[in-house]
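One-letter residues, chain by chain:
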Amino acid sequence: MEVAILFAMVIGLMLIGVPIAISLGFSSTIFLLVLSDTSLASIAQSFFQAMAGHYTLLAIPFFILASSFMSTGGVARRIIRFSIALVGHFPGGLAIAGVFACMLFAALSGSSPATVVAIGSIVIAGMRQVGYSKDFAAGVIANAGTLGILIPPSIVMVVYASATDVSVGRMFLAGVIPGLLAGTMLMVTIYVIAKFRNLPKGEWKGWREVFEAGSEAGWGLFLIVIILGGIYGGIFTPTEAAAVAAVYAFLIASFVYRDMGPLAGKNGAPNLALWQKPIALVTAFVHRDTKDTLFEAGKLTITLMFIIANALILKHVLTDEQIPQSIAGMMLDAGFGPVMFLVIVNVILLIGGQFMEPSGLIVIVAPLVFPIAIELGIDPIHLGIIMVVNMEIGMITPPVGLNLFVTSGVAGMPMMRVVRAALPFLGVLFVFLIMVTYIPWLSTFLPTTFMGPEIIVR
Amino acid sequence: MSSHYEPKSAFGRFIHELEETVIAIILGAMVIVTFVNVVLRYGFNTGFIWGLEVVTFLFAWLVLFGVSYAVKTTAHLGVDAITNLVSPAARRALALLAAAICLAYAFLLLKGAWDYWANFANLPQTTGRWFPTGLEEMKRTSYRGWYEVVDIPFPEWLRWIQPIMNEGEDYEKLPRFIPYFILPFGCALLLFRFVQVTLRIWKGEAESLIVSHEAEDAVEDVAHMNREG
Amino acid sequence: ACEGDEIVIKFSHVTNSDKHPKGIAASLLMERVNAEMNGKACMEVFPNSTLYNDDQVLEAMLQGDVQLAAPSLSKFEQFTKQFRIFDLPFMFRNIEAVDAFQNSETGQAMKESMVRRGLLGLEFWHNGMKQMSANKPLISPSDAAGLKFRVQPSDVIKAQMEAIGVSPQPMAFSEVYGALQTGVVDGQENTWSNIYGQKFFEVQDGITETNHGIIDYMVVTSVDWWESLPEDVSSQLRTILNEVTVERNAAVGQVDADARQAVLDAGATIRELTPEQRQEWVDAMKPVWEQFKDDVGQENIDAAQAINASM
Ligand code: NA
Ligand code: NA
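Conventions we followed
- Residues numbered from 1 in each chain as written.
- Chains lettered and ligands numbered in written order.
- Predicted model: local features only at pLDDT ≥ 70, side-chain atom pairs only at ≥ 80, totals over all residues.
- Heavy atoms only, no water.
- Helix = DSSP H or I, 4+ residues; strand = E, 2+ residues; numbered from the N terminus.
- Rg over C-alpha atoms; globule rule 2.2 N^0.38 Å.
- Buried < 20%, exposed > 50% of the residue type's maximum accessible area, 1.4 Å probe, protein only.
- Contact = heavy atoms within 4.5 Å.
- Areas by Shrake-Rupley, 256 points an atom, 1.4 Å probe, with all protein chains shown as cover.
- Lys, Arg positive; Asp, Glu negative; His and termini not counted.
- Charge placed at Lys NZ, Arg CZ, Asp CG, Glu CD.
- Buried area = accessible area lost by both parts, 1.4 Å probe.
- Salt bridge = Lys/Arg side-chain N within 4 Å of Asp/Glu carboxyl O.
- Polar contact = N/O pair within 3.5 Å; in protein donor to acceptor, adjacent residues only side chain to side chain.
- Patch = residues over 30% accessible without salt bridge, like charges linked within 9 Å, V, L, I, M, F, W, Y side chains within 5 Å.
- Donors = N, O, S within 2.8 Å, 3.2 Å for Na, K, Ca; no water.
- UniProt positions renumbered as here; feature names shortened; annotations may be inferred.
- Pairing = 2+ DSSP bridges.
- Axes fitted to C-alpha atoms, helices over the stretch in contact; angles between N-to-C directions.
- Parallel < 35°, antiparallel > 145°, perpendicular 65-115°, else oblique.
- Left-handed = near helix turned anticlockwise from the far one by under 90°.
- Nonpolar A, V, L, I, M, F, W, Y, C, P; charged D, E, K, R; others polar.
- Right-handed = clockwise from strand over helix to strand, strands pointing away.
- Expected span 1.5 Å × (residues − 1).
- Phe/Tyr/Trp six-rings, centres within 6.5 Å; stacked < 30°, edge-to-face > 60°.
- Lys NZ or Arg CZ within 6 Å of the ring centre and 35° of its normal.

Student: Explanation requested: the overall build of chain B in the structure shown.
Tutor: Broken down by element type, chain B carries seven helices and four strands. Counted from the first residue to the last, chain B has its helices and strands arranged as α-α-α-β-β-β-α-β-α-α-α. Radius of gyration (C-alpha) of chain B: 22 Å, far over the 17 Å computed for a compact globule of 229 residues. Here chain B, with 229 residues, has 53% of them falling under the buried criterion. Residue pairs in contact within chain B that sit at least 24 positions apart in sequence constitute 60% of those at least 6 positions apart. By element, 67% of the accessible surface of chain B is carried by carbon and sulfur atoms, the whole surface being about 10500 Å².

Student: Hey, could you run me through the overall build of chain C in this one?
Tutor: Along chain C, the regular secondary structure elements total 13 helices and nine strands. For a compact globule of 311 residues, the expected C-alpha radius of gyration is about 19 Å, and chain C comes in at 20 Å, within 12% of that figure. Each principal axis of the C-alpha atoms in chain C carries an extent, and together these give about 60 × 40 × 30 Å. Within chain C, the fraction of its 311 residues that count as buried is 63%. Nonlocal contacts in chain C, meaning residues at least 24 apart in sequence, comprise 74% of its contacts between residues at least 6 apart. Seen as two clouds, the 25 positive and the 46 negative side-chain charges of chain C have centres 4 Å apart.

Student: Is there a simple way to think about unusual backbone geometry in this case?
Tutor: Negative phi is the rule for most residues except glycine; trans is the rule for most peptide bonds. Cis peptide bonds are those with omega within 30 degrees of zero, and the linkage from Pro152(A) to Pro153(A) qualifies with -5°. Tracing the sequence through the fold places Pro153(A) in the loop between α8 (134–145) and α9 (155–164). In the Ramachandran plot, Gln322(A) falls in the positive-phi region, its phi being about 55° despite a non-glycine side chain. Tracing the backbone shows Gln322(A) in the loop between α15 (288–320) and α16 (323–333). Gln322(A) gets classed as partly exposed once you look at its relative accessible area, which sits at 23%. Even without glycine at this site, Lys199(C) takes up a positive phi of about 60°.

Student: What am I meant to see in the interface of chain A and chain B here?
Tutor: With 78 residues of chain A at the interface, the matching set in chain B holds 72 residues. In this assembly, chain A packs against chain B so that about 6700 Å² is buried in total across both faces, 77% of it on carbon and sulfur atoms. Where chain A touches chain B, the interface holds three salt bridges. A salt bridge links Arg41(B) to Glu240(A), with the nearest nitrogen and oxygen atoms 2.7 Å apart. Applying the counting criterion to the chain A and chain B interface returns ten residue pairs in polar contact (both at pLDDT 80 or more). For the side of chain A that touches chain B, the elements supplying multiple residues, two or more each, are α1 (2–15), α2 (20–35), α3 (40–52), α4 (59–72), α7 (112–129), α13 (238–256), α15 and α20 (402–411) of chain A. The dominant element in the side of chain A that touches chain B, judged by the number of residues it contributes, is α15(A), at 16 residues.

Student: Can you help me understand a nonpolar patch on the surface in this one?
Tutor: A cluster of nonpolar side chains, Val339(A), Met340(A), Val343(A), Val347(A), Ile351(A), Ile434(A), Tyr438(A), Ile439(A), Trp441(A) and Phe445(A), forms an exposed patch at the surface whose accessible area comes to about 900 Å². Here the nonpolar patch takes five residues from helix α17 (residues 338–355) of chain A, the largest share from any one element.

Student: What is the right way to look at the interface of chain A and chain C in this model?
Tutor: Interfaces are often sized by the amount of accessible area the parts lose when they come together. Taken together, the contact between chain A and chain C spans 33 residues of the former and 28 residues of the latter. In this assembly, chain A packs against chain C so that about 2500 Å² is buried in total across both faces, 50% of it on carbon and sulfur atoms. Our count for the chain A to chain C interface comes out at two salt bridges. For the salt bridge of Lys10(C) with Asp37(A), the shortest nitrogen-to-oxygen distance reads 3.8 Å.

Student: Any chance you could explain the coordination of the sodium ion (ligand 1) here in plain terms?
Tutor: Six octahedrally arranged donors around a metal ideally form angles of 90 or 180 degrees; four tetrahedrally arranged donors ideally form angles of 109.5 degrees. Ala106(A) (O), Ser109(A) (O), Gly148(A) (O), Ile151(A) (O) and Pro153(A) (O) make up the full set of protein donors to the sodium ion (ligand 1), lying at 2.2 to 2.4 Å. Counting residues between consecutive donors of the sodium ion (ligand 1) along the chain gives the motif A-x2-S-x38-G-x2-I-x1-P.

Student: Would you explain the UniProt feature "transmembrane region" (unreviewed entry) in chain B in this entry?
Tutor: Residue and element names in this part refer to chain B. Following the UniProt record, the feature "transmembrane region" (unreviewed entry) maps to residues 21–42, 48–71, 92–114 and 177–195 here. Here residues 21–42 is 100% helix and 0% strand, with 31 Å between the C-alpha atoms at its ends. Each end of residues 48–71 is marked by a C-alpha atom, and these two atoms are 36 Å apart; helix forms 88% of the span and strand 0%.

Student: Would you take a moment to explain the pairing of strand β8 (residues 206–222) of chain C for this structure?
Tutor: Consecutive side chains of a regular strand alternate in pointing toward one face of the sheet and then the other. Residue and element names in this part refer to chain C. With 16 of 17 residues buried, β8 lies mostly within the body of the structure. As paired strands, strand β4 (residues 119–134) and β8 are joined by 13 bridges and run antiparallel to one another. Note on β8: the bridge partner recorded for Glu123 is Val219. Pairing between β8 and strand β9 (residues 270–272): three bridges, direction parallel. Residue pairing for β9: Ile207 is matched across the bridge by Ile270.

Student: I keep staring at the packing of helix α1 (residues 10–44) of chain B against helix α2 (residues 51–72) of chain B and nothing clicks. Help me out?
Tutor: Packed helix pairs are specified by the crossing angle of their axes together with the interaxial distance, meaning the distance between the axes. Residue and element names in this part refer to chain B. Direction vectors running N to C along α1 and α2 enclose 160°, while the axes themselves pass 9 Å from each other. Taken together, the axes of α1 and α2 are roughly antiparallel relative to one another. Seen along the crossing, α1 lies across α2 with a hand that is left-handed. When α1 is examined against α2, the residues His16, Glu19, Glu20, Val22, Ile23, Ile26, Leu27, Ala29, Met30, Val33, Thr34 and Asn37 are found in contact with a partner set consisting of Gly51, Leu52, Val55, Leu58, Phe59, Trp61, Leu62, Phe65, Gly66, Tyr69 and Lys72. Here the contact of α1 with α2 is built from residues that sort into 15 nonpolar, five polar and three charged.

Student: Looking at this structure, I do not really get the pairing of strand β1 (residues 7–12) of chain C. What am I missing?
Tutor: Residues and elements named next belong to chain C. Direction of pairing for β1 relative to strand β2 (residues 41–46): parallel, over a ladder of six bridges. From the neighbouring strand, Val8 faces β2, where its bridge partner is Cys42. Handedness of the β-α-β unit built from β1, helix α1 (residues 21–36) and β2 comes out right-handed. Looking at chain direction, β1 and strand β3 (residues 68–69) are connected through two bridges and run parallel. The residue bridging Phe11 from the neighbouring strand is Leu68, located in β3.

Student: How do you make sense of the side chain of Arg193(B) when you look at a structure like this?
Tutor: All names here are of chain B. For Arg193, the position within the fold is in helix α6 (residues 182–202). The exposure class assigned to Arg193 is buried, which follows from its relative accessible area of 8%. Beyond its immediate sequence surroundings of up to four residues, Arg193 is in contact with Ile15, Glu19, Ser68, Val71 and Lys72.

Student: What is the right way to look at the pattern of salt bridges in this model?
Tutor: Enumeration according to the criterion identifies 37 salt bridges over all chains in this entry. Residue Asp292(A) is joined to Arg288(A) by a salt bridge in which the shortest nitrogen-to-oxygen separation is 3.5 Å. Of this pair, Asp292(A) and Arg288(A) are both found in helix α15, four residues apart, which corresponds to roughly one turn of the helix. According to the relative accessible area criterion, Arg288(A) is partly exposed, its value standing at 41%. Of the charged contacts, one joins Lys19(C) and Asp18(C) as a salt bridge, the two residues approaching to 3.6 Å between their closest N and O atoms.

Student: What exactly am I supposed to notice about helix α2 (residues 54–63) of chain C here?
Tutor: Side chains three or four residues apart in an α-helix point the same way, a direct result of the helix having 3.6 residues per turn. Residue and element names in this part refer to chain C. Of all ten residues in α2, nine are buried; the element is thus mostly enclosed. Residues Asp54, Gln56, Val57, Leu58, Glu59, Ala60, Met61, Leu62 and Gln63 constitute the buried set of α2. The opening residue of α2, the one whose side-chain oxygen lies 3.0 Å from the backbone nitrogen of Asp55, is Asn53. Two residues or fewer past α2, Gly64 is found with a positive phi of approximately 95°.

Student: Help me out: how do you make sense of α6(B) in this one?
Tutor: Between its first and last C-alpha, α6(B) extends 30 Å over 21 residues, near the 30 Å set by a 1.5 Å rise per residue. Downstream of α6(B) by a residue or two, Gly204(B) has a phi angle that is positive, lying close to 80°.

Student: Which parts of the structure should I look at to understand the packing of aromatic side chains?
Tutor: Here a ring pair, both rings aromatic, is described through the centre-centre distance and the interplanar angle of the planes. In the structure shown here, the tally under the stated rule is 40 aromatic pairs over all chains. Between Phe136(A) and Phe425(A), the aromatic rings sit 5.8 Å apart at their centres with planes inclined by 65°, giving edge-to-face as the arrangement. With a gap of 289 residues between them, Phe136(A) in helix α8 and Phe425(A) in helix α21 (residues 415–438) connect regions that are remote in the sequence. Each member of the pair, Phe136(A) as well as Phe425(A), is classed as buried. Across the ring face of Tyr196(C), the terminal group of Lys199(C) is positioned such that the distance to the ring centre comes to 4.7 Å. The ring of Trp289(C) has Lys286(C) sitting right over it, with the charged end atom 4.6 Å from the ring centre.

In structure tokens, the structure reads:
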């Protein structure tokens, strides 16, 4: 009962325009003060420890930073050229290339909105020029952008791993097959629509263009090898991988692509080569572009972590009042099996996803459902992937759908029109969600093959 | 590009630039320390054992220092579906109500932050469960200036604080009151920024406390490419 | 759950509640307190770090937000450097020697040694003796030289590792399995219960039975809270806690042996050392004692060695 009031209060505050983070934190604080003997000092401690005590969450600022360097530094542009060269000649080619580019960028970036901004800002304009409707273009990109959190690396997976103490490396591996599958399903759907509606296709420019574009994009795409190779090759932990990715992205952007930093050509002038301005080796680190990118990534980290830290205060309330145990007891007493349980999890997350930012929602829901899942013999990694796919759907459904907001901004169209545009492809994601939910193999095959079966310590 | 916030005075511009620079420097330092430790471990089989702890504290500094900046520039995420539907007068009333809640939140958090930090700095906590009703009488256990962090060594140039904070005993590691200081400091800034934004809403200079989406700024630069021409 | 005027005792710890020696003991304590002190007091256990981790829990205890905890003994080095004796390599011959030391006058005095810092030790809980493992066979200390080991944050353990040429690496516990598997770190040291519970043996070449150190816990409470309890409550709580301690500490040898056997049954290699081989490890690590002699107190080291000799 109390917990229902708590959640009603959170949602009520959000709806009158209180920031999400403060809706969570304020409601939780009031509850702790009224219901328990917890002190305000303990709430401040929780808040501080959200950052200082969760080593895995450290990956968040680093992945955001890597993503910022890649967007600013021209990686996205080169990935798109490569995608068009490779698949642009199919019916619906540019749209398929857009999805393919989103998949590639998703493999570099941990965030979905970042993927939409990086790819969408270029591809949507390109699609319109060759005769696609704006709605079709926006719908494709809003959906494909959600792959940002499913294809590793993924900030949402990092948060899940932190909330449940499963291994981040395992979660990343688990996202590979579902990510490829979801991307393929979207591309096939576009292909079918394109055949049916006779959508424009590009021309095949030959293997030469593929290789040229590929080798240009290769510098950026090599980051995939660095991240996954580094983690599974035993060079660094997933958190450190994110920091290495950020450093690599900075070096590529400043010294190889030179679209930002001291070597970037001003006002359309060609970019300088390093030998023309060797001092750049020093100045790049303190260049205005570098500072701005660091600052932008820092700001995004701050707003995201403010939500997560306050969600952790809410989690403190739930733990303190032993809510997870009572919910688990209720569900197990009701005799739910794994199938019914997963339906319920999906429904909770789909509803929650309407209101909440994904990372915050995972922080709150994971501790509630995790113990039950373990009890029912559901693989924690499988559960994690189900949650991520739900979060993807939440991102393209109103009222809080980060990808919708971003797409409407990027495409310059009203949000409700984006919602309608995204709808047909949302259907694809729903089918995909059902597949992921009831075919555990999709999520567990790679991690089990490469890392052995999941150990359940609890 | 960073925000819609335009500082009005020279002093305001200075502070604004300072805040953005601090945020950039903290994040940059986090990346560098982590990266250097990877290189040292993989390449040289060594490393700074304190690296991880330093980075987690910097992470806390980044967020706690930055939340107030995000309030100032209206960068916090929220839901505007309802507030966009109602009349301007009702919208203003809701915004003021929301602002009052933010003020209450920041106030409670600041009290908690002070209470948490104070004993680590040998200072008295406030009494009272919700509101500070006074200062506690210091007990034997209220002096926690001796409490050190886990891995970060104590810097030699700070030895002069030992007689003040640790009864003259030597610190081996950094005392906790130093990294924890950001908590009351950041919360005080947060409260200050909420007071400012509340006044702005009151005077009609601002409409709400939230952006409707996080990527608004980044998006603006590219949106023109897609608008109907 | 707790009723209106019962005294609430929150016990926060970091392990599971039914397989780990500490978790089992905490669960048993909760059962008995809730059955026998019903109406007077009630206990809630928060396992798996759901409320606090080992470092935060002591801060929360001083603040009055949690009443009982059982962190590993290394955590108390920050409060009193004496506790470093429990991390010194080869200080205790076996868990019986640890038990005898803790129950000696010196050991009992250590429970009171943090009162000036606001904590009161109530009981010692055992886990077991530490073993070593790596991604290659470890027979002599030179086998470990040049490797990277994940260690608990403790200056003593860091020095112990450096003494045999190992590079100590701090790491979040949840990432250790993956790090051992991929080779981010090469090895680790732990008790049989932890090696089995975390399945570390799956991703290591084998376990070398060094018995070179111990992992133990101390049940602590805050002085302020303890002194605020009515006399009958604190004495009954103390009695129950002591009975649980005696019962579970006696059983811990069996838990340890079972875990060792389970590791063996799972197909892992366990390498036993001959007395000569073991002496090599002792010779390599023992110089660390000198480094921490002043923190620990020579008289305490002597007391521990006297107990070893009598075993
Ligand atoms: Na990704
Ligand atoms: Na949504």
